[in-house]
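Listed below, chain by chain, are the residues.
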Amino acid sequence: MARPAPARAGGPARAEAAGRPERGAPMLEARDLTKRFGKREALRGVSVSAHRGELVAVMGPNGAGKTTLLSILAGIQRADSGTVSRSSREVGWVPQQPALYGKLTVAENLRLFARLEGAPDVEGTVERMLAQTGLEDRARERVVRLSGGNRQRVNVAIGLVGSPPVLLLDEPGAALDPRQRERLWEFVEALAEEEGTTVLYSTHDVGEAEHHAHQVVVLADGERIFSGSPAELEGAVGDPGGDFEAAFVAFLRERGH
Amino acid sequence: MRWLLLKDLRILGRSPLLVALLVIYPVLVSALIGFALSRGPEKPRVALLNQVAYGTGQIDLGGRSLDTRRIGDDFLRSVDAVTVGSREEARRLVEDGSVLGAIIIPAEVTQRLQSGLQPAVIEVLYNAEDPVKARYLEDLVKSQVQDANAQLTRAFSDVALQYLDLVIRGGRISILGRDANILGLERSEQILRAAQADLPERSPLRAQLEEVIRFADGARNNLTLADEALTSVGSPIRVRTEVVEGGGTPLGSFAVAVAVTVTLMFVTLLLAAGILAIEREENAFLRLVRGLVSRTGLLVEKVGLSAACSLLVALLMLLGLALFVDLELSRAGLWTLALGAGALAFAAMGVAIGAVAREVRAASLLAFMLSLPIAFLALVPSGAVSSGLYTFIRVVSALFPFQPALDAVEAAIGGSEGLGLALAHLAVLTLGFGVLGRLALRRFA
């Protein structure tokens, strides 16, 4: 079922400019994951691999298994079968809804999770995260008073306090306005490019996959039906360089989804 | 775990209104409940055993006729009386909680009242598991006895006056069926004066002198009788009480125990349920349990924090109440032990509620809705409902921490028995609710 992820052959400007990271041993590899909820099979033999500095978008219609896949990779749920190469402590996880304490300040939230993660230099980590997310001037502000975009930045920062080599983002731009989304992706891309962090994110937004992903994984009815670059997805429906969203819809339709 | 504790304390510290409500509301509610407890039930069920046979209850005192069976009639009007045929039946009904207490009017009450030499004794059996009930029954009996005593006092006063009149003026008296002539002080004085004036040494008037001596003896005896009669007038009926079941906690201490336990319950349940549910509401639960802290560890932290906070509130409340109610401060160690065990059990129940409800508002509502019925069930007095229903209520109460917590606090404050059993009961409930909460956390996210 699993297909090897071919090298990126072309595609959206930003992803092209960034270039696909050099390949080597995968930073995260999941093989033949299956998960059942009662009689419903949420995942059927799904395999995913991601390399250092790679941005991987997990796409698919509602109920395709995207959140289940990310939950298993994050260690929140256990797969019925299959393997994941990294433990949950080695993977940063950023849930769709910001998982923050509204009554605590930005710095206090970061400090709490840095301590829980066992960061050797808690204050240093907090300062680094504040700098990385551009929230130094909001450090003493309670989270409940932040905008949605800033909350999501703190949310991502908390996912990074343990300096994980792999970061999982569940629908990261879902609750953000276009400007906030743009700033978030600037941050995430810099993270992948400069820090070498592998980022795997689920999204409903075809544009987020087209513009930011090196690799696109398409799930439908619990199965992986595609894995490759956005350009390869377009090529799979015979329209390379055309409308990515149309190509994605066509791809699903051709395969009966 | 300490970082989670500090985080929760900081969040609580930044929610002053919530914390104030969490403390003030339970204190107010418990004060109201404590006040309500000082009032007894309207018409309690009381077993009545009147062993005075029909037709034998009449006594004649100073020419006035009284029916001792009417003492029982007076009780019948004041209580929901259950007439029983034997002492054993009365005791059994008290023991199984079917009646609030039992009043036994023994057969010899008529003879004792008639003789006027010994007070008649009415027996009262009551179940002292609940000091409120015991106090109510005591008050009821005292009230009825006072009424009866008032009637008898008048009759005995008449008798006493007759004796005194006899001593002063002389006359005839019937003692043990034999008539005797009493000279009286007045006549004795006359005789003594005459004898004094006329009597030479070795006079033949010795017989008269002997009569005076007999008078003196008789007068002394009459005065003794009058003395006993007057003693009886003071309290012609005495009450001998016997505790058949339960301890003897004073009502004041019991009301304090109820008030403090209610406060402990509200504060702990609401706090524990709320601080667990908030982890989900803030979406932080999954982030925490994916390797940062175990689910069990999270529960332990919530139980410990809420138990510690509510223990502090309850102890402060108890110390405050000690300013107004006579409480033994030397027992403060036992207070802490009882309140701590109760707080842990309530906290375990609270996290179970929080884990089931999953949202702060739903958890608070559920904790609140469960609290009052649990407390009221535990306070239902025996005798207020049928025996079967009372047994059912006791079983249901035993499944929740309020009853054992109240027992423990009552024992710690009032010195009644059963502290060890109550602590063991609370330990079992802490474990049980802890397991329930842990199971509920499986579907918490």
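See above for the structure.
Remember, predicted model here, so these are calculated numbers, not experimental data.

Parameters at a glance
- Residues numbered from 1 in each chain as written.
- Chains lettered and ligands numbered in written order.
- Predicted model: local features only at pLDDT ≥ 70, side-chain atom pairs only at ≥ 80, totals over all residues.
- Heavy atoms only, no water.
- Buried < 20%, exposed > 50% of the residue type's maximum accessible area, 1.4 Å probe, protein only.
- Helix = DSSP H or I, 4+ residues; strand = E, 2+ residues; numbered from the N terminus.
- Pairing = 2+ DSSP bridges.
- Axes fitted to C-alpha atoms, helices over the stretch in contact; angles between N-to-C directions.
- Contact = heavy atoms within 4.5 Å.

1. What about the pairing of strand S3 (residues 55–59) of chain A?
Residues and elements named next belong to chain A.
Thinking step 1. With 5 of 5 residues buried, S3 lies mostly within the body of the structure.
Thinking step 2. Along S3, one buried face is formed by Leu 55, Ala 57 and Met 59 and the opposite face, lined by Val 56 and Val 58, is buried too.
Thinking step 3. Sheet analysis places S3 next to strand S7 (residues 198–202), joined by 4 bridges and oriented parallel. Within S7, the position partnered with Ala 57 by the bridge is Tyr 201.
Thinking step 4. Here 4 bridges tie S3 to strand S8 (residues 215–220), and the two strands are oriented parallel to one another. Residue pairing in the sheet places Met 59 in a bridge with Val 218 of S8.

2. Describing the sheet that holds strand S9 (residues 223–228) of chain A
Residues and elements named next belong to chain A.
Thinking step 1. In spatial order, the strands read S5-S6-S7-S3-S8-S9; together these 6 strands make up an open sheet with mixed pairing. At either end of the open sheet lies a strand with only one pairing partner, and these are strand S5 (91–94) and S9. On average, adjacent strands in this sheet sit at an angle of 15° to one another, irrespective of strand direction.
Thinking step 2. Of the strand pairs in this sheet, strand S6 (residues 166–170) and S7 are connected by 5 bridges, and their pairing is parallel. If you follow Leu 169 over to S7, its bridge partner there is Tyr 201.

3. Examining unusual backbone geometry
Thinking step 1. Despite not being glycine, Ser 163 of chain A has its phi angle at roughly 50°, a positive value.
Thinking step 2. With respect to the helices, strands and loops of the structure, Ser 163 of chain A is situated in the loop between helix H5 (148–160) and S6.
Thinking step 3. Its relative accessible area of 46% is what places Ser 163 of chain A among the partly exposed residues.
Thinking step 4. Notably, Asn 283 of chain B is not glycine yet its phi reads approximately 65°, a positive angle.
Thinking step 5. Turning to its location among the elements, Asn 283 of chain B is positioned in the loop between helix H9 (251–281) and helix H10 (285–289).
Thinking step 6. When its relative accessible area of 29% is taken as the criterion, Asn 283 of chain B is described as partly exposed.

4. Focus on the sheet that holds strand S4 (residues 81–84) of chain A
Either a parallel or an antiparallel arrangement is found when strands of a sheet pair, and the pairing is made through backbone hydrogen bonds.
Residue and element names in this part refer to chain A.
Thinking step 1. The strand order across the open sheet built from 3 strands is S2-S1-S4, with neighbouring strands paired in antiparallel fashion. The sheet terminates laterally at strand S2 (40–50) and S4, the two strands that pair on one side only. This sheet shows a mean twist of 20° between the axes of neighbouring strands, independent of strand direction.
Thinking step 2. Sheet topology note: the strand S1 (residues 28–37)/S4 ladder contains 3 bridges and is antiparallel. Among the inter-strand pairings, Arg 31 is bridged to a residue of S4, identified as Thr 83.
Thinking step 3. Its contacts with the sheet put helix H2 (residues 66–74) on S1, S2 and S4, and the angle it makes with S1 is roughly 120°.

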